[in-house]
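Here is how the chains run, residue by residue.
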Amino acid sequence: MRTKKRFSLSTTQIILLSFLLVILVGSVLLSLPISAADGQSIPYIDALFTATTATCVTGLVTVTTAVTWSTFGHAVILLLIQIGGLGVITVVSWLMLLMHRKLGLKDNLLLQDAFNLSTLSGLAKFVKKVVLGTLVVEGVGAALYMLVFIPQFGLRGIWISVFTAVSAFCNAGIDILGDSSLYAYATHPLINFVTMGLIVLGGLGYIVWWDLARVWRRHPRRRWRYLTLHSKIVLSTTALLIFGGAALIFAAEYANPATIGGMSLWDKLQVSLFQSVTTRTAGFASIPQENLTGGGALISLLLMFVGGSPVGTAGGIKTTTLAVLIATAFCTITGRQQVSLHQRNLSPAVLRKAVAVAGMSLTILFLSTLGLALVTDAPLVQILYETTSATATVGLTQNLTPLLNRWGKAILIATMYFGRIGPISLAIALGTRKECVNNIQNPTEEISVG
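Remember, predicted model here, so these are calculated numbers, not experimental data.

### A closer look at the side chain of Thr401
Logical step 1: Mapped onto the fold, Thr401 is located in the loop between helix 17 (380–391) and helix 18 (406–421).
Logical step 2: Given the relative accessible area of 1%, Thr401 is considered buried.
Logical step 3: Among the polar contacts made by the side chain of Thr401, one reaches the side chain of Glu386 at a distance of 2.5 Å.
Logical step 4: Each residue touching Thr401, except ones within four places of it in the same chain, is listed here: Phe49, Leu60, Val61, Thr62, Glu386 and Leu412.

If you want it as structure tokens, here you go:
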């Protein structure tokens, strides 16, 4: 008698479905009349788009957030941003811990997959530290924003400050200031540097936070030496991308009167640095993205595609993936046998994963760009800007998204979702794992490459 196989979901599939469930629940709430500023339900496709962009912490919008949604709608969007930034599994696990419920093996496996960690030990403590650290950083950011927004908006400035702080830390880029993002604060030092600080902290990743804290306490001298390889790669690559990107944007936009051409030298430097930071999947804009020069747009596209770092709130292929790919290429060119970074050798599994992440991300980007090109007659650069922004969950736009038809919006919804859950997670969830029945290996044969 043949026994029926019990149907069960893998941890990766549960994570993917949990994000989808939150999006669907959020879309239903946003489609209610109470969520709209005028009390009239907006089209469901726009509610679904908004729920997706909030949960996937992207920032692309089809309607102006500030004037379309009521206070209830804004609260729903903020909750979706916070859940999306922390991760559904993290939020659920934290709530379980608040109710003094012990995490089981499956809960720990879900957390391990959600944070892409290599160990099951100490996950309950890790979750508590993640949530507490997030709330503290967002609280400090909100308090600093209040110094500007309360004098300007009165008591409403408190809500605007909290919303902006959560959105910035979670790298969502959604605001309730109006339809021009942070244009009005392009040269405001406090708004600029608080926003950049929140974006960078969210994008570094929680693993780097705790590693820096550990080294700071235990090794007051020669701190760099005692950091883990992961932290060294993240910090060095992040610094290179931020300051290198700012320098290139400064050079590309220096004489452009539609962006920074008419500003003072200090303001040009400030805005260039902000553009470099916000392209790391944050999505706030202090200058019109459609006015960028060809060079400025290309640099922004590259920075968006790379994004932030693992186990954080940012998207993109991640800084570690870029570093591994560059190190692998350099190793091949120089004829070395072992790929290494910061005097440490990298395992073949890490190299394969980096190639897979980049390859899958490029595939998603290509398919979404092709799909959008088929349903709209916009220029290719403008289309690529939107699809890259969606794939890397950035949110920067050249004002094409609000003009899209239903098919275009559906394509970006799918792209944002796939970009948030990660290309590898998607491949694992859709694929099937077959156990190897023997140790027979296929013969090896050389081919010509390049």
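### A short note on empty space enclosed by the protein
Logical step 1: Going through the model one piece at a time under the given rule, you end up with two cavities of 30 Å³ or more.
Logical step 2: Counting residues per element, the ones that place at least two in the lining of the largest cavity are helix 9 (189–204) and helix 12 (229–253).
Logical step 3: Sorting elements by how many residues they give to the lining of the largest cavity places helix 9 first, with four residues.
Logical step 4: Looking at the lining of the largest cavity residue by residue, the classes come out as five nonpolar, five polar and one charged.

### Brief notes about unusual backbone geometry
Logical step 1: Its identity is not glycine, yet Asn171 carries a phi of approximately 60 degrees, on the positive side.
Logical step 2: Its location among the elements puts Asn171 in the loop between helix 8 (156–169) and helix 9.
Logical step 3: On the accessibility criterion, Asn171 (0% relative accessible area) is buried.
Logical step 4: Positive phi is not limited to glycine here, since His342 has a value of about 50 degrees.
Logical step 5: Looking at the secondary structure, you find His342 in the loop between strand 1 (340–341) and strand 2 (344–345).
Logical step 6: On the basis of relative accessibility, which here comes to 26%, the residue His342 falls in the partly exposed class.

About the cut-offs
Residues numbered from 1 in each chain as written. Predicted model: local features only at pLDDT ≥ 70, side-chain atom pairs only at ≥ 80, totals over all residues. Heavy atoms only, no water. Helix = DSSP H or I, 4+ residues; strand = E, 2+ residues; numbered from the N terminus. Buried < 20%, exposed > 50% of the residue type's maximum accessible area, 1.4 Å probe, protein only. Polar contact = N/O pair within 3.5 Å; in protein donor to acceptor, adjacent residues only side chain to side chain. Contact = heavy atoms within 4.5 Å. 1 Å grid on protein atoms, 1.4 Å probe; cavity = no way out; pocket = protein on both sides within 12 Å on 5 of 7 lines; lining within 4 Å. Points joined across faces, edges and corners; volume = space filled by probe spheres on them. Nonpolar A, V, L, I, M, F, W, Y, C, P; charged D, E, K, R; others polar.

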